[in-house]
Structure formats: C-alpha cells, structure tokens
Amino acid sequence: MLEINNVHKSFGKNQILKGVDLNVEKGDIIVILGPSGSGKTTLLRCINFLERAEEGTINFDEIHTSFKGASKQDISRIRKRTGFVFQNYNLFANKTALQNVTEGLIVGRKIPKDEAIRRGKQALDKVGLSDRYDYYPSQLSGGQQQRVGIARAIAAEPDVILFDEPTSALDPELVGEVLGVMKSLAKEGATMIVVTHEMGFAQDVANEVVFMDGGVIVEKGTPSELFSRPKDERTIQFLKRIIREDFDYSI
C-alpha cells in the first residue's frame, strides 16, 4: 500500500535521514524505535510532507512520485490519505474538542458541516470522549487532549495513521488511556506507523518493529525477533537501556 525508498533529509549540514526504506501493507502496525536524534520523527514528517525530503520516492497505491519533485496535487492527495497524531497534541486553544476535530474536515477537505459534525462526534465517541464535545483544551487532561488529537486523525478516515511519540508528553498515569485507544484502533484493523518508546505496546500490538539509529534503519523484525534475538550491537545496547540495565541478550 505504502512504499518509501531511499529517503534522505538534511537540515543545513546535518544529515538526518540517510537512505531509509519502509514498506507498509494494509493493516500493518509498524513501531519505530530509536534514540533521540535517530531520525524517527523526521521520517514520519517526510511521509506526510510536513518536511520535504531531498531524495527518495514514495508509492502510495496509485500515487507514484519523488519526495523532491512531488506536486501540490500529489502532496494534497497523500495528506488526505494519512492522519497525523502529534507529540504535543497541536489543538486550537480557542476551539472545543468537537471543533478541533471538525475544523480540518470542513476547511481542509471541504466536507459539509453536518457531515463533519457527524464524523467528529463519532470519532470522539470512539476515543471515549462522548461527554467532552464542548470542552476546550484547557478543560481537558493531557490524556484527553491527546485522545482529541487521535479523534481528529481518525475522523478523516485515513488509510494510514502516523503517531509521533503520542504518549511522551503525558504524565505516566495518563499513558494507559491513550495506549488503550491505540490498541482498540489496531484491533479494528487500522494501519499505523508509531514512533514510541512504549515497549509493551510494541510487544502486544506491532507486527513489525523497526530500530533506527544515525538516520538509518539498523534492524527490523517481528517484536519477538527484535526483543528476544536482536542481531546488531546498537540494537542490543538500546534495548538494554530502555528495558532494563541487566537484560542479557545473546548474539
């Protein structure tokens, strides 16, 4: 469904992505792990054209283009087929939960207001916020705000949802409610690419785990393969730090 090849992205002289390939099939849950600065978030942002990669190609079903040469029409078509859940929610402070969900549908996708409201309420119901339609972000907890962000993404009925460390800005006690929503989406067959450090989520839900470091994909495999039998020393050292210091991997 979605294939990206040889993605390169730099900021000034700092090369962030150094030839990344990724294939996503319908229903895949792909979790991307890696240390800070490894290029995980930049990769997601390039897929959605929030950043413009200098090299590489993207094939999204019938859409075939290079990142550098993609037309405005191509970018619009790709964005309409993807949803993005941001680390820091990115909600409009002066709009209610429902308005935050419907704004992009009405303004960006030109969906009639009545239909946008129907979709918005349905999405908020799905993430457990049926009693918070008229609440402003300042009246919601961090977990609730992130669930509004997820509702905004799923209301657009995307083919792929991109999650950029969706729990990293949350207090620990609020993480579970957001992961619970994501697990429910996975069970319903959503296609998701998730940048996260939540190892339990990766173990329970992902069908592929990708480890990035230094702007490249170092290793990938099923959760069982990557967590139980990592092959690369960089993967081993990362997992030791993240899971527990005394974890013993044998190569």
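That block above? That's the structure.
For every chain, the first residue of its written sequence is number 1, and the numbers climb from 1 along that sequence. Only residues with pLDDT of at least 70 get local features here, since the model is predicted, and only at 80 or more are side-chain atom pairs given and counted; chain-wide, interface and lining totals rely on the full set of residues. Values shown for side chains rest on all heavy atoms present in the structure; no hydrogens or waters enter the calculation.

*Asks:* Which residues make up the sheet that holds strand E1 (residues 2–11), and what are the values?
*Replies:* If you trace the four strands from one edge of the open sheet to the other, you get E2-E1-E4-E5, paired in antiparallel fashion. Bordering the open sheet on either side are strand E2 (14–24) and strand E5 (63–66), each of which pairs with just one other strand. Ignoring strand direction, the axes of neighbouring strands in this sheet form an average angle of 15°. Here a strand pair is declared whenever DSSP counts at least two bridges between the two strands. Secondary structure follows DSSP: runs of H or I at least 4 residues long count as helices, runs of E at least 2 residues long count as strands, and numbering of each begins at the N terminus. In this sheet, E2 lies alongside E1 in antiparallel orientation, the contact comprising eight bridges. Looking at the pairing, Lys9 lines up with Leu17 of E2. Throughout, a residue-residue contact means that at least one pair of heavy atoms, one from each residue, lies within 4.5 Å. Helix axes use the C-alpha atoms of the stretch in contact, all axes being lines fitted to C-alpha atoms, and the angles between their N-to-C directions lie in the range 0 to 180 degrees. Across the sheet, helix H1 (residues 40–47) touches E1, E2 and strand E4 (55–60), and the angle it forms with E1 is around 120°. Across the sheet, helix H2 (residues 72–80) lies against E4 and E5, angled at about 125° from E5, the strand it touches most.

*Asks:* I'd like a rundown of the environment of Met212, residues and numbers included.
*Replies:* Tracing the chain through its elements places Met212 in strand E9 (residues 208–213). Owing to a relative accessible area of 0%, Met212 belongs among the buried residues under this scheme. In the structure, Met212 is positioned 22 residues away from Arg234 in sequence and 9.4 Å away in space, judged by C-alpha atoms. Setting aside its immediate chain neighbours within four residues, Met212 contacts Leu17, Val20, Ile32, Leu33, Gly34, Pro35, Ser38, Gly39, Lys40, Leu43, Ile217 and Val218. Throughout this description, buried means an accessible area under 20% of the type-specific maximum (1.4 Å probe, protein chains only), exposed means over 50%, and partly exposed covers the range between.

*Asks:* An account of the side chain of Lys9 is needed here, citing residue identities and associated values.
*Replies:* Mapped onto the fold, Lys9 is located in strand E1. Excluding residues that lie within four positions of it along the chain, Lys9 makes contacts with Asn14, Gln15, Ile16, Leu17, Thr42, Cys46, Glu51, Arg52, Ala53 and Glu54.

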